[in-house]
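In case you want the letters, here they are:
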Amino acid sequence: MVEPDVLRIAGEVLSSRLWVGTARYPSPEILIQALEKAQPGLVTVSVRRLNLQAPQETFLDLLLGRFRLLPNTAGCFTAEEAIFLAQLAREALQTNWIKLEVVGDEVILWPEAEELLRAARELVRMGFVVLAYAPDDPIVCQRLADIGCAAVMPLAAPIGSGQGLRDPERLLLLRHKLAGIPLVIDAGIGSPADACLAMELGFDAVLVNTAIAEAQHPVLMAEAMRLAVDAGRKALLAGRIPRVSYARPSSPMEGLPFS
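So, here is what we can say about the structure in this document. (Residues numbered from 1 in each chain as written. Predicted model: local features only at pLDDT ≥ 70, side-chain atom pairs only at ≥ 80, totals over all residues. Heavy atoms only, no water.)

## Details of the overall build of the protein chain
Step number 1: Looking only at helices and strands, the protein chain has nine helices and 10 strands in total.
Step number 2: Scaling as 2.2 N^0.38, a compact globule of 259 residues should have a C-alpha radius of gyration of about 18 Å, and the protein chain matches this with 20 Å.
Step number 3: The 259 residues of the protein chain split such that 49% are buried.
Step number 4: In the protein chain, the share of contacts with a sequence separation of at least 24, taken over all contacts with a separation of at least 6, comes to 64%.
Step number 5: Working note: accessible area of the protein chain is about 13200 Å², and carbon and sulfur atoms make up 53% of it.
Step number 6: Positive and negative side-chain charges in the protein chain, numbering 24 and 30 respectively, have mean positions lying 5 Å apart. (Helix = DSSP H or I, 4+ residues; strand = E, 2+ residues; numbered from the N terminus. Rg over C-alpha atoms; globule rule 2.2 N^0.38 Å. Buried < 20%, exposed > 50% of the residue type's maximum accessible area, 1.4 Å probe, protein only. Contact = heavy atoms within 4.5 Å. Areas by Shrake-Rupley, 256 points an atom, 1.4 Å probe, with all protein chains shown as cover. Lys, Arg positive; Asp, Glu negative; His and termini not counted. Charge placed at Lys NZ, Arg CZ, Asp CG, Glu CD.)

## Re the environment of Trp19
Step number 1: Mapped onto the elements, Trp19 comes out in strand β3 (residues 18-20).
Step number 2: The exposure class assigned to Trp19 is buried, which follows from its relative accessible area of 0%.
Step number 3: Of note is the side chain of Trp19, whose polar atom sits 3.3 Å from the backbone oxygen of Ser16. (Polar contact = N/O pair within 3.5 Å; in protein donor to acceptor, adjacent residues only side chain to side chain.)

## Side note on the pairing of strand β5 (residues 69-72)
Step number 1: Side chains of β5 alternate between two faces, with Leu69 and Pro71 and Leu70 and Asn72 buried alike.
Step number 2: Two strands pair when backbone bridges link them, and strand β4 (residues 43-46) and β5 are joined in this way by four bridges, in the parallel orientation. Note on β5: the bridge partner recorded for Val43 is Leu69. (Pairing = 2+ DSSP bridges.)

## A word on the packing of helix α3 (residues 79-93) against helix α4 (residues 113-125)
Step number 1: At their nearest, the axes of α3 and α4 sit 8 Å apart, and the two run at 35° to each other. The handedness of the crossing between α3 and α4 comes out as right-handed. Only Glu115, Arg118, Ala119, Glu122 and Leu123 of α4 make contact with α3, whose side of the interface consists of Ala79, Glu80, Ala82, Ile83 and Ala86. (Axes fitted to C-alpha atoms, helices over the stretch in contact; angles between N-to-C directions. Left-handed = near helix turned anticlockwise from the far one by under 90°.)

## A closer look at the environment of Val219
Step number 1: Relative to the assigned elements, Val219 resides in helix α9 (residues 218-238).
Step number 2: Spatially, the C-alpha atom of Val219 lies 6.1 Å from that of Gln33, the residues being 186 residues apart in sequence.
Step number 3: Setting aside residues up to four positions removed in sequence, Val219 forms contacts with Ile30, Gln33, Ala34 and Lys37.

## Things to note about the environment of Ala119
Step number 1: Structurally, Ala119 can be placed in helix α4.
Step number 2: Residues Ala119 and Val140, 21 residues apart in the sequence, show an inter-C-alpha distance of 13 Å.

## Focus on the nonpolar core
Step number 1: Judged by nonpolar contacts, the single largest core of 64 residues is most densely connected at Leu100, Leu144 and Val206.
Step number 2: Looking at this core element by element, the count peaks at seven residues for α3.
Step number 3: Every residue in contact with Leu100, bar those within four places of it in the chain, is listed here: Thr73, Ala82, Leu116, Ala119, Ala120, Leu123, Val130, Leu131, Ala132 and Tyr133.
Step number 4: Judged by nonpolar contacts, the second largest core, of 15 residues, contains Leu7, Ile9, Leu14 and Val184. (Core = buried A, V, L, I, M, F, W, Y, C linked by side-chain atoms within 4.5 Å.)

## So, the packing of aromatic side chains
Step number 1: Per the counting criterion, the structure on display carries zero aromatic pairs.
Step number 2: One residue, Arg68, lies across the ring of Trp97, its end atom 4.2 Å from the ring centre. (Phe/Tyr/Trp six-rings, centres within 6.5 Å; stacked < 30°, edge-to-face > 60°. Lys NZ or Arg CZ within 6 Å of the ring centre and 35° of its normal.)

## Re the pairing of strand β7 (residues 129-134)
Step number 1: Along β7, six of the six residues are buried, which leaves the element largely enclosed by surrounding structure.
Step number 2: The side-chain alternation of β7 yields two buried faces, one formed by Val129, Leu131 and Tyr133 and the other by Val130, Ala132 and Ala134.
Step number 3: Two strands pair when backbone bridges link them, and strand β6 (residues 97-100) and β7 are joined in this way by four bridges, in the parallel orientation. Considered in β7, the bridge of Trp97 is made with Val129.
Step number 4: Of the crossover connections in this fold, the one passing from β7 over helix α5 (residues 138-147) to the parallel strand β8 (residues 151-154) is right-handed. (Right-handed = clockwise from strand over helix to strand, strands pointing away.)

## Examining the pattern of salt bridges
Side chains that differ in charge, positive against negative, can pair when their charged atoms come close.
Step number 1: Taken as a whole and assessed by the stated rule, the structure comprises 13 salt bridges.
Step number 2: Note that Asp5 is salt-bridged to Arg17, the shortest N-O span being 3.2 Å. Linking Asp5 in the segment before β1 (7-9) with Arg17 in the loop between β2 (12-14) and β3, this pair joins segments that are 12 residues apart in sequence.
Step number 3: Through salt bridges with shared partners, a single network forms among Asp5, Arg17 and Arg233. (Salt bridge = Lys/Arg side-chain N within 4 Å of Asp/Glu carboxyl O.)

## Quick look at helix α7 (residues 192-200)
Every α-helix winds through 3.6 residues per turn, so residues three or four apart in the chain are directed the same way.
Step number 1: Of all the residues in α7, the buried ones are Asp194, Ala195, Cys196, Ala198 and Met199.
Step number 2: In this structure, the buried residues of α7 make contact with β9 (184-185), β10 (205-208) and α9.
Step number 3: Gly202, located one to two residues past α7, shows a positive phi value of around 105°.

Here is the structure:
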């Protein structure tokens, strides 16, 4: 009997391999419409952007009870800041899941490895389910996995850049090195083709924000991303043909006249 293809993280099954962010949308109404089309497994929200005491003053009240939320520590530059926000989110949203972000520069938003590892180690010790935004560095990603992060989320390109998978070979190396560890592409996706390729490379999910939110038609793009993720996953499971350097006829030559 073939087991169903499900995404399981920290013992929990997620409904979709497409995860979606909530920033940069033209309006809260378009955000909700896009999320409904995307049918995401997780919806990330920045703790810094939310009024957790009065959710009706932000879009949080539109999300609660409708989507599974994953708070993140976007905007943190130190481990202490990230740990504080994680604790705040756990108290307010009643979840021990946290998307850990610690960056070293406010312009390039690149993960700061030393502070990231320090924060991850402490949050895991405190009982958080840590999903860590990481550089596409095999050593850093391996250390995050060794610490006990429930998922490692390497970037494919700088956040919001839409550049796509800048180094597929590096990402494929990560996939092979961290076999069995949930890996999620967490930045750089620009089009459904990028999301599809990430899934074909064997990644467990993709997180998409700007590529949907700033598309000319965000709701349509959200649907396209969902279909692309599904297609890429099915392609991986189906097994593509090998690349060869010569032609192979589609029709057999045996049995033809004069053969």
